[in-house]
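Residue-level listing of the chains:
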Amino acid sequence: MDRMSELRLAADAKEVAAFLRGNGGSLISGWTVRTEPGPDDEPGVYWLKMRPKSVPQDQYVARVAWTRYPGAPPSVTFATKVRGRTDVTNAWPSVAGARPGNFDFCAAFTAEGYKTHPEWASQHPWPTTGNPFLWVVQVVQGLLDRHYSGRAA
């Protein structure tokens, strides 16, 4: 990811943090744009705490990883904790598109979804204007709020 993309992503992350706070979640960590990355930095990777409105005690850690911003959708997975494993089934919520058995999110807002369904590129063009990071988080929060049926088993 080039420096301009990194700066835009970091700026857009501020709106994401505010949105998450308003929904009982938080932006826990993200890659900080610096001249020298630290040992735990993963460029373009952000960790978010999210919870469904219907069961606020259920908390999830989402890992949102961008390879090109804003030009391509991110990978969206769920982890046991910040910088934790994403291959643990019960770290995943039961919502449309989440495939805890495959450890991916197959939806028209994720890299995994576009890879599995190349036809989505023409049916659901990726939005590169506005704040795509915020849009992705709003979609995930909407799924948690409207279609949550518990923790994956």
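Refer to the preceding data block for the structure.
Please read these numbers as outputs of a predicted model, since none were measured by experiment.

**Overview of the nonpolar core**
Of all hydrophobic cores here, the largest spans 34 residues; its most connected members are Leu48, Met50, Trp66, Phe105, Phe109 and Phe133. Elements represented by at least two residues in this core include exactly helix 1 (3-22), strand 2 (45-50), strand 3 (60-65), strand 4 (75-79) and helix 4 (132-147). Ranked by size, the runner-up nonpolar core spans five residues in total, among them Val45, Trp47, Ala65 and Ala79.

**Things to note about the packing of aromatic side chains**
Evaluated as defined, the whole model comprises 12 aromatic pairs. Judged by centre distance (4.7 Å) and plane angle (85 degrees), the ring pair of Trp66 and Tyr69 falls under edge-to-face. The residues Trp66 and Tyr69 share a single accessibility class, namely buried.

**Topic: the environment of Phe103**
Mapped onto the elements, Phe103 comes out in the loop between strand 5 (98-99) and strand 6 (104-105). When the C-alpha atoms of Phe103 and Asp87 are compared, they prove to be 5.7 Å apart, with 16 residues separating the residues in sequence. Setting aside residues up to four positions removed in sequence, Phe103 forms contacts with Thr77, Thr86, Asp87, Val88, Thr89 and Trp92.

**Quick notes on the pattern of salt bridges**
What the rule picks out here adds up to four salt bridges. Between Lys53 and Asp145 there is a salt bridge, and its shortest N-O distance comes to 4.0 Å. With Lys53 in the loop between strand 2 and strand 3 and Asp145 in helix 4, this residue pair connects regions lying 92 residues apart in the sequence.

**Concerning the packing of helix 1 against helix 4**
In the contact formed by helix 1 and helix 4, the axes pass within 8 Å of each other and the chain directions differ by 30 degrees. With respect to their mutual orientation, helix 1 and helix 4 come out roughly parallel. Between helix 1 and helix 4 lies a crossing of right-handed hand. Across the interface between the two elements, Arg8, Leu9, Asp12, Ala13, Glu15, Val16, Phe19 and Leu20 from helix 1 touch Pro132, Phe133, Leu134, Val137, Gln138 and Gln141 from helix 4. Classifying every residue of the contact of helix 1 with helix 4 by side-chain character gives nine nonpolar, two polar and three charged.

**Things to note about unusual backbone geometry**
Cis geometry marks the peptide bond from Tyr69 to Pro70, where omega comes out at 5 degrees. Checked against the element boundaries, Pro70 lands in the loop between strand 3 and strand 4. One non-glycine residue with positive phi stands out, namely Arg83, at about 60 degrees. Within the chain, Phe103 stands out as a residue other than glycine whose phi angle is a positive 60 degrees. Exposure remark for Phe103: the relative accessible area of 27% places this residue in the partly exposed category.

Scoring rules and cut-offs
Residues numbered from 1 in each chain as written. Predicted model: local features only at pLDDT ≥ 70, side-chain atom pairs only at ≥ 80, totals over all residues. Heavy atoms only, no water. Core = buried A, V, L, I, M, F, W, Y, C linked by side-chain atoms within 4.5 Å. Buried < 20%, exposed > 50% of the residue type's maximum accessible area, 1.4 Å probe, protein only. Helix = DSSP H or I, 4+ residues; strand = E, 2+ residues; numbered from the N terminus. Phe/Tyr/Trp six-rings, centres within 6.5 Å; stacked < 30°, edge-to-face > 60°. Contact = heavy atoms within 4.5 Å. Salt bridge = Lys/Arg side-chain N within 4 Å of Asp/Glu carboxyl O. Axes fitted to C-alpha atoms, helices over the stretch in contact; angles between N-to-C directions. Parallel < 35°, antiparallel > 145°, perpendicular 65-115°, else oblique. Left-handed = near helix turned anticlockwise from the far one by under 90°. Nonpolar A, V, L, I, M, F, W, Y, C, P; charged D, E, K, R; others polar.

Fair warning: the whole summary comes from geometry, so function is off the table for now.
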